[in-house]
Amino acid sequence: MPQRQPPRRQSISMGRGARKRDEDSGTDVGEGADEWAQSKATVRPPDQLELTDAELKEEFTRILTANNPHAPQNIVRYSFKEGTYKLIGVVNQLAVHFSQVGNLIPKDSDEGRRQHYRDELAAGSQESAKVVISEAEILEEEEEPKETEAETELGSQTDVPATEAAAKATEEELMTPKQPKERKLTNQFNFSERASQTLNNPLRDRECQMEPPPRTNFSATANQWEIYDAYVEELKKQEKTKEKEKAKTPVAKKMGKMTMRKMTSMESQSDDITKVTQAAKIVERMVNQNTYDDVAQDFKYYEDAADEYRDLEGTLLPLWKFQNDKAKRLAVTALCWNPKYNDLFAVGHGSYDFMKQSRGMLLLYSLKNPSFPEYIFSSESGIMCLDMHVDHPYLVVVGHYDGNVAIYNLKKPQSQPSFRSSAKSGKHTDPVWQSELVHTDVIKLKAEGNTTDGLNGLQLHTVGCGTAFDFHKEIDYMFLVGTEEGKIYKCSKSYSSKFLDTYDAHNMAVDAVSWNPYHAKVFMSCSSDWTVKIWDHTIKTPMFIYDLNSAVGDVAWAPYSSTVFAAVTTDGKTHVFDLSINKYEAICSQPVVAKKKNKITHVQFNPIHPIIIVGDDRGHVICLKLSPNLRKMPKEKKGQEVQKGPAVEIAKLDKLLNLVREVKTKT
């Protein structure tokens, strides 16, 4: 330690001496350090705001977006659908700052390959030319010493011209560049191009010239006397016709009316308007097709996707509504699809109010033209039933309220029926409730009255009026008759004096009876006592009974399944049942019309398409489409084909009937 002290003092003294030298030189290091250590004064512009510390610490956030600030936000366009100007919500925010049209071609394209091939050809030709020039120079250098040697040698004078010719030939061969063979371009699909040329037929102009129609100039003048004479002649003619009509008998009057109708029909046929009826009908269908395009798309393609989440329920989709102004106050009393044309159906109009009976109408509608009927026939009495011939679909039979039966021929343009029963030909004395056109058979049914014991031992004789009947689908001589008193009679054409069987079916009038289209033993009936019953005609008690809480107007079996049927009630609802899915209640109960205003009277399934038509008491016919759950087919099993046909449908219904029979035998 004592050894290290002297150098320390030395260093101190050296530091002091250095400071003295700095002072002497006039440079003070400490002062410069003080200047750098001092804080720099900020220079502020004169118009700068003076903010407090709180305002300075406050943060302001700005969000940068890609929206164009100059884009207009109030563009409006006219909406033809709503008939007003509407503000457009989506505005194009793209702003183009620079654009240039280029001519870049992909390398893999045909044009790119062609350009690449041309560049290779040009580069190859240049290289070949350079090679030829270099080889020619080498040959010239080699030939110079040979020529000198040849000149010295005297004996080789004769060979000089030959060598020169050979050298020139080689030079020419080398100077001409060899072009490489053009290789064929093939694409990735190994496509071989082939071309063919077809002969274009020459155009021909055909002209014809016709003579102009003959023309005549007519001119005349009319004064008051000529006009007076013309009126006098017309009055004389009218008086003569009145005198002739007075002298005629009633039969002659009818004949005169018939001749007048024929004359008017002939005049209407000769009219120019009839020439364009077919064209007008086509144009009308085209207009309706555009008007009801959304309905037609639903009819053809729409399937309710919500059925996947409903296990045992379905819905009905309303499609078209058919109505005519002339049949507004007439109820729909009958519906029938044409057996040949699946888009054509007939509607019978009348009245179920027997105190207010008036006229009737027969209308035939097509799904292709829902706005107006294809055929219109009017009658003096209301229509109660109708049917179409299976083999001759242009024949329509109609039963009237006054007991007459009429047959209309759609091929004939006249509005009168081709056949009409009268008192002489044996017309009915009561309303014709139901009719079927079966070949040429004419059937008369008379329900005999039965006697019942009343109070105090009195016997009451009741007469049952037939309200509905249906022929068996296989046994052509067997048919069922439903009566006004609620009974159903099984009858035969072979035994007209007796009934084959009698069923005590309902407590009120039977509105409809229908055989199952697949099973030969099963039929169905409905009544105003709110019930629908399914029967086996070999058993007198019903197999199934359904109470629909309102009077049932009509029932119909589905053509695609033996267990599906539809029923309509007067409260405006349509019920669809499928016994194979649920044999206790309907899988679809949907109101189709207003509950208080309209009452549904009839229902019919289309033979091919999954639709039904429903008629009400206001003359309206509504077309409804069945959802997928209402027309379920058997599911496919792995490795097994789905069996289809009448035998499968019969077995399906037999299985249900056997379950009911077992329960009845046990009880």
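These numbers come from a predicted model, not from an experiment.

Enquirer: Could you clarify how one ought to interpret the overall build of the chain in this entry?
Expert: When helices and strands are counted, the chain shows ten helices and 28 strands. For the chain, the residues scored as buried account for 30% of the 667 residues in total. If you take every contact in the chain between residues at least 6 apart in sequence, the share linking residues at least 24 apart comes to 48%. As presented, the chain carries roughly 50100 Å² of accessible surface, and 53% of it is formed by carbon and sulfur atoms.

Enquirer: It is not clear to me how the sheet that holds strand 23 (residues 564–569) should be interpreted in this structure. Could you clarify?
Expert: Sheets are built from strands that pair by backbone hydrogen bonding, the pairs being arranged parallel or antiparallel. Strands sit in the order 22-23-24-25 across an open sheet of four strands; the sheet is antiparallel. Looking at which strands have only one partner, the edges of the open sheet turn out to be strand 22 (552–557) and strand 25 (588–591). Here the average twist between neighbouring strands, direction ignored, is 15 degrees. Both strand 22 and strand 23 contribute to a ladder of five bridges, which runs antiparallel. What sits directly across from Trp557, in strand 23, is Phe565.

Enquirer: Honestly, a negative patch on the surface in this entry has me stumped. Any pointers?
Expert: There is a patch of like negative charges on the surface, built from Glu226, Asp229, Glu233 and Glu234. On the secondary structure map, Glu233 appears in helix 6 (residues 224–247).

Enquirer: Please explain the pattern of salt bridges as it appears in this structure.
Expert: Within the structure shown, the criterion is met by ten salt bridges. One salt bridge in this structure joins Lys625 and Glu303, with 4.0 Å as the shortest N-O distance. Here Lys625 is found in strand 28 (residues 621–626), whereas its partner Glu303 is found in the loop between helix 9 (293–301) and strand 3 (316–322), with 322 residues between them in sequence. Of the residues examined, Glu303 reaches a relative accessible area of 38% and is grouped as partly exposed. A salt bridge links Asp504 to Lys487, with the shortest nitrogen-to-oxygen separation between them at 3.9 Å. Highlighted residues: Asp504 in strand 17 (residues 501–504) and Lys487 in strand 16 (residues 487–492), separated in sequence by 17 residues. Each member of the salt-bridge network shares a partner with another, and the members are Lys281, Arg285 and Glu374.

Enquirer: How should empty space enclosed by the protein be read in this particular structure?
Expert: One water molecule sets the probe size; rolling that probe over the atoms shows where empty space is left. In total, this model carries one cavity of 30 Å³ or more according to the counting rule given. Put simply, the largest cavity is a space of about 60 Å³. Taken together, Tyr302, Glu303, Asp304, Thr315, Leu317, Lys625, Leu626, Ser627, Pro628 and Arg631 form the lining of the largest cavity. Taken together, the residues of the lining of the largest cavity sort by class into four nonpolar, two polar and four charged.

About the cut-offs
- Residues numbered from 1 in each chain as written.
- Predicted model: local features only at pLDDT ≥ 70, side-chain atom pairs only at ≥ 80, totals over all residues.
- Heavy atoms only, no water.
- Helix = DSSP H or I, 4+ residues; strand = E, 2+ residues; numbered from the N terminus.
- Buried < 20%, exposed > 50% of the residue type's maximum accessible area, 1.4 Å probe, protein only.
- Contact = heavy atoms within 4.5 Å.
- Areas by Shrake-Rupley, 256 points an atom, 1.4 Å probe, with all protein chains shown as cover.
- Pairing = 2+ DSSP bridges.
- Axes fitted to C-alpha atoms, helices over the stretch in contact; angles between N-to-C directions.
- Patch = residues over 30% accessible without salt bridge, like charges linked within 9 Å, V, L, I, M, F, W, Y side chains within 5 Å.
- Salt bridge = Lys/Arg side-chain N within 4 Å of Asp/Glu carboxyl O.
- Lys, Arg positive; Asp, Glu negative; His and termini not counted.
- Charge placed at Lys NZ, Arg CZ, Asp CG, Glu CD.
- 1 Å grid on protein atoms, 1.4 Å probe; cavity = no way out; pocket = protein on both sides within 12 Å on 5 of 7 lines; lining within 4 Å.
- Points joined across faces, edges and corners; volume = space filled by probe spheres on them.
- Nonpolar A, V, L, I, M, F, W, Y, C, P; charged D, E, K, R; others polar.

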